[in-house]
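As a plain string of letters, each chain reads:
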Amino acid sequence: MFSVDRQSFQSLSALALFTFAFLGSEFFFDSRIGLLISAEGVVGAQAMILGASVIGFLAYAPISKLAEGRRALRAVEAVGAIAALVAIAATESALAMQIAGCVAFFLLGSLGAEAHWSMAHAFEGSPSLAKGAGAAYAAGILLQFLSNQFVPAGMADAAVLCIGVTALAVFAAAGEHDGESAGQKGDGTTGEHTGEAMTSKPSGQITDQEQATRLDKIRLERANAGSPDQANRPSTAAANSPQQSAPGGAKTAIRAIWLLALVVLLACMFSTLDNVVTLANAQGSISVETWPRLFLAASGLAAGALFDIRERRYMGFIMFAVTVLSTISILAVEAGASPVIGLIVFYLSSGFFVTFFTTTFLQLAPRMRTPQLWAGMGRAANNLCAFTVSGVSMMLTQSGIAAVMIASLILFVLVSVAFVGAGLFRLPSTVKEREAIEAGLAAAAAPTLEETQAEFISRSGLTPREEEVLRAVTADERPLKQVADDLGISLRMVQRHLTNIYSKTDTQTRAGLTRAFFGK
């Protein structure tokens, strides 16, 4: 499907293991605490651990910046998460289990943020970013499915999750180490890839963002140097392309806010049906861990393949169509359709949603001032929404079809506005358009005629009088006698200066001198 090197494989593995450990631990927690509290209480307990994971995601960037040894920090986080999972499996107290769950998911959130940042760094500029995100998600779902099918509940289940957390910490730390050795700067920004750096970005190809940034840098240097044509040249970058903002610039920040709003609104839509699934699973009406979960893996792979078509040119349109399908699935379940049918449709849409918000923020992160914070922001926003609206969505699902239809319609309108605001209905540049940008970049980088001629004169070591003669004889085809009259010197003096110019510039004729002086 796509080729990966070592760093890419490690980042893919870390993200897949995070998906497995996070979702597996969530289901494990729900199953355990469901033995002690009511089905409705499970939804609230689940919201609490998701809220803890959001704090973990947000805490990763500042903690990593302060920590001296990041591998040691990852080891501490893994040990803490493992201890909390064991506590969930061993305790019979609902309160102790809730506390252990919050601790486990705080630490999983931090590990997940690192896995996302490793992925963002490894796949920066790659045309296969969505495929990678979809494949990692699908692999995590498959691991969870196999664990649910073949691992007995209880301590054995907890042991498998602990192994997954350990592997997550190892792969995440390895990906982070390779990213730093490949040129990651100490402040979190990315430098040039060296050594065994990521090769998923074709050699010699630069992204829209890099093109725009380099073009702006060239203009700024010329403006500071006083170049005659400095900033008068029009920009060749596509003004409407969402990828054209400078790193950390206002346009990028505004787009990030719109994307956050979009993910939150979509998460609200999915959270409503997710709570229906959680409630049905807690009541025993359906079994979430059985075969319908395979649709999550299939939809993640399909989403990655579809999103990456023509360099994610149509990703926004595809996700909007999936949103329409998701809205219909919510209405269908509330109208009395089979829970299993609704579950399948929901999982198909959910795979697209997860791949969408993962890809979107992995792509956005390198352009932000704190990329480690933004790489996993899609997952954090999704979990935050699940944490804050779980009670409201539960009340909504129990209020009847009329309330659900009204809420769904309002959400759909808001989601449509957010799609537009985030620029996802604008088509980004294609390869041909970027070639035009590259041509403009080369033109902007090329020295001006005045700069070329000044360098020619300096390199040849011409005197001021020789420079004057040079400019006169190359300006047009006037006879040398007329050149002499115009300069106010004798013809013999013009010929003597011209002989010296021929010698210094390694030319032999007036025509050859003209071509050399004008860089032809």
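Calculation rules
Along each chain, residue indices are assigned from 1 in the same order as the chain's sequence is written. Local features in a predicted model are, by the rule used here, given only for residues with pLDDT of at least 70; side-chain atom pairs are given and counted only at 80 or more, and totals for whole chains, interfaces and linings are based on all residues. Water and hydrogen atoms play no part in the side-chain values, which are based on all heavy atoms of the structure. Think of it this way: any DSSP run of H or I at least four residues long counts as a helix, any run of E at least two long counts as a strand, and we number them from the N terminus. Whether two residues are in contact is decided by their heavy atoms, any of which lying within 4.5 Å being enough. Methods summary: accessible areas were calculated by the Shrake-Rupley approach with a probe of 1.4 Å, and residue burial reflects only the protein chains presented. Each salt bridge in this description consists of a side-chain nitrogen of Lys or Arg and a carboxyl oxygen of Asp or Glu lying within 4 Å of one another. Buried means the residue's accessible area, taken with a 1.4 Å probe over protein chains only, is under 20% of the maximum for its type, while exposed means over 50%, and partly exposed covers the values in between. For every residue, the pLDDT score states the predictor's confidence, bounded by 0 at the bottom and 100 at the top. Patch members must show over 30% relative accessible area and no salt bridge, and they are joined within 9 Å when carrying like charges or within 5 Å when they are nonpolar side chains of Val, Leu, Ile, Met, Phe, Trp or Tyr. Put simply, two rings from Phe, Tyr or Trp (the six-membered ring, in Trp's case) pair if the centres are within 6.5 Å, and we call them stacked under 30 degrees between planes, edge-to-face over 60, tilted for the rest. Each direction from the helix axis to a C-beta atom contributes to the arc, which is the arc of those directions. Definition of a polar contact: a pair of N or O atoms within 3.5 Å, with one able to donate and the other able to accept a hydrogen when the atoms are protein atoms, and with sequence-neighbouring residues admitted only if both atoms are side-chain atoms. By nonpolar core we mean a set of buried residues, namely Ala, Val, Leu, Ile, Met, Phe, Trp, Tyr and Cys, connected to one another through side-chain atoms within 4.5 Å. Helix axes use the C-alpha atoms of the stretch in contact, all axes being lines fitted to C-alpha atoms, and the angles between their N-to-C directions lie in the range 0 to 180 degrees. Comment on the angle field: the value is read as roughly parallel under 35 degrees, roughly antiparallel over 145, roughly perpendicular from 65 to 115, and oblique elsewhere. When the near helix sits turned anticlockwise from the far one by under a right angle, the crossing is termed left-handed; a clockwise turn instead gives a right-handed crossing. Three categories are distinguished: nonpolar for Ala, Val, Leu, Ile, Met, Phe, Trp, Tyr, Cys and Pro, charged for Asp, Glu, Lys and Arg, and polar for the others, with Gly belonging to the last. Expected helix span is computed as 1.5 Å times (number of residues minus one).

Some details on the overall build of the chain
For the chain, the count of helices and strands is 20 helices and 0 strands. Long-range pairs, those at least 24 residues apart, make up 81% of the contacts in the chain with a sequence separation of at least 6. Surface exposure of the chain reaches about 22,400 Å², of which carbon and sulfur atoms provide 64%.

Details of the pattern of salt bridges
Applying the stated criterion to the full structure yields 12 salt bridges. Here Glu466 ties to Lys504 by a salt bridge, and the two come within 2.9 Å at their closest N and O atoms. Residue Glu466 is found in helix α17 (residues 464-475), and its partner Lys504 is found in helix α19 (residues 491-505); the two are separated by 38 residues along the sequence. Here the salt bridges do not stand alone but share partners, grouping Arg74, Glu77 and Glu114 into one network.

Here's the deal with unusual backbone geometry
Backbone geometry places Arg310, a non-glycine residue, at a positive phi of 50°. Inspection of the secondary structure puts Arg310 in the loop between α9 (294-307) and α10 (315-334). Within the chain, Asp506 stands out as a residue other than glycine whose phi angle is a positive 60°. Given the relative accessible area of 71%, Asp506 is considered exposed.

Considering the confidence of the model for the chain
Per-residue pLDDT for the chain averages 79, and the proportion of residues at 70 or more is 74%. Between the elements of the chain, mean pLDDT differs from a low of 48, seen in helix α7 (residues 208-225), to a high of 94, seen in helix α4 (residues 94-122). Predicted confidence is poor over residues 180-220, with pLDDT under 50, and the contacts of this stretch with residues over four places away or in other chains come to 83 contacts.

A few points about the environment of Val103
Along the chain, the position of Val103 falls in helix α4. Judged by relative accessible area, which is 39%, Val103 ranks as partly exposed. When the C-alpha atoms of Val103 and Ala52 are compared, they prove to be 7.3 Å apart, with 51 residues separating the residues in sequence.

Description of the environment of Gly300
On the secondary structure map, Gly300 appears in helix α9. Look at Gly300 and you get buried, because its relative accessible area is 0%. Residues Gly300 and Tyr347 lie 47 residues apart in sequence; the distance between their C-alpha atoms is 9.6 Å. Every residue in contact with Gly300, bar those within four places of it in the chain, is listed here: Gly134, Tyr137, Gly351 and Thr355.

Details of a nonpolar patch on the surface
A contiguous nonpolar patch, built from Ile254, Trp258, Leu409, Val413 and Val417 and spanning about 460 Å² of accessible area, is present on the exposed surface. When residues in the nonpolar patch are grouped by element, the largest group, 3 residues, is from helix α14 (residues 401-421). Counting through the fold element by element, Val413 comes out in helix α14. Given a relative accessible area of 45%, Val413 falls into the partly exposed group.

Here we look at the packing of aromatic side chains
Going through the model one piece at a time under the given rule, you end up with 16 aromatic pairs. Among the aromatic residues, those joined into a cluster by ring pairs are Phe307, Phe317, Phe320, Phe352, Phe356, Phe412, Phe419 and Phe425.

Remarks on helix α20 (residues 510-517)
The complete set of buried residues in α20 reads Gly512, Leu513 and Phe517. Down the axis of α20, the buried set is contained in an arc of 130°. They therefore lie on one face. Those residues of α20 that are buried lie in contact with α16 (449-460), α17 and α19. Of the residues one or two after α20, Gly519 is the one with positive phi, at around 65°.

Some thoughts on the side chain of Thr505
Along the chain, Thr505 turns up in helix α19. Taking relative accessible area as the criterion, Thr505 reaches 11% and is therefore assigned buried. A distance of 2.9 Å separates a polar atom in the side chain of Thr505 from a polar atom in the side chain of Thr507. Dropping the residues within four chain positions of it, Thr505 is found in contact with Phe456, Ser460 and Leu513.

Side note on the nonpolar core
In summary, soluble globular proteins display a tendency toward joint burial of nonpolar side chains. Within the largest apolar cluster, 99 residues are counted, with the highest numbers of intra-cluster contacts made by Val165, Leu262, Phe307, Met319, Phe353, Phe356 and Trp374. The contact partners of Phe307, leaving out residues within four places of it in the chain, are Ala130, Arg312, Arg313, Met315, Ile318, Met319, Phe352, Thr355 and Phe356.

Observations concerning the packing of helix α1 (residues 6-33) against α4
With their axes 9 Å apart at the nearest point, α1 and α4 run at an angle of 165° to one another. One finds that α1 runs roughly antiparallel with respect to α4. Between α1 and α4 the crossing geometry is left-handed. Residues belonging to the contact of α1 with α4 are distributed by class as follows: 15 nonpolar, 10 polar and 2 charged.

Focus on α16
With 12 residues, α16 ought to run about 16 Å at 1.5 Å a step, and its terminal C-alpha atoms sit 16 Å apart, in line with that. Every buried residue of α16 is accounted for by Gln453, Phe456, Ile457 and Ser460. For α16, the arc enclosing every buried residue in end-on projection is 95°, short of the 170-degree limit, so these residues lie on one face. Away from the buried face of α16 by more than 90 degrees, exposed residues Ser458 and Arg459 are located. Those residues of α16 hidden inside the fold are in contact with α17, α19 and α20. At the exit of α16 stands Gly461, carrying a positive phi of roughly 70°.

Looking at the environment of Lys65
Relative to the helices and strands, Lys65 resides in helix α2 (residues 39-66). C-alpha separation for the pair Lys65 and Gln372, spaced 307 residues apart in sequence, amounts to 9.8 Å.

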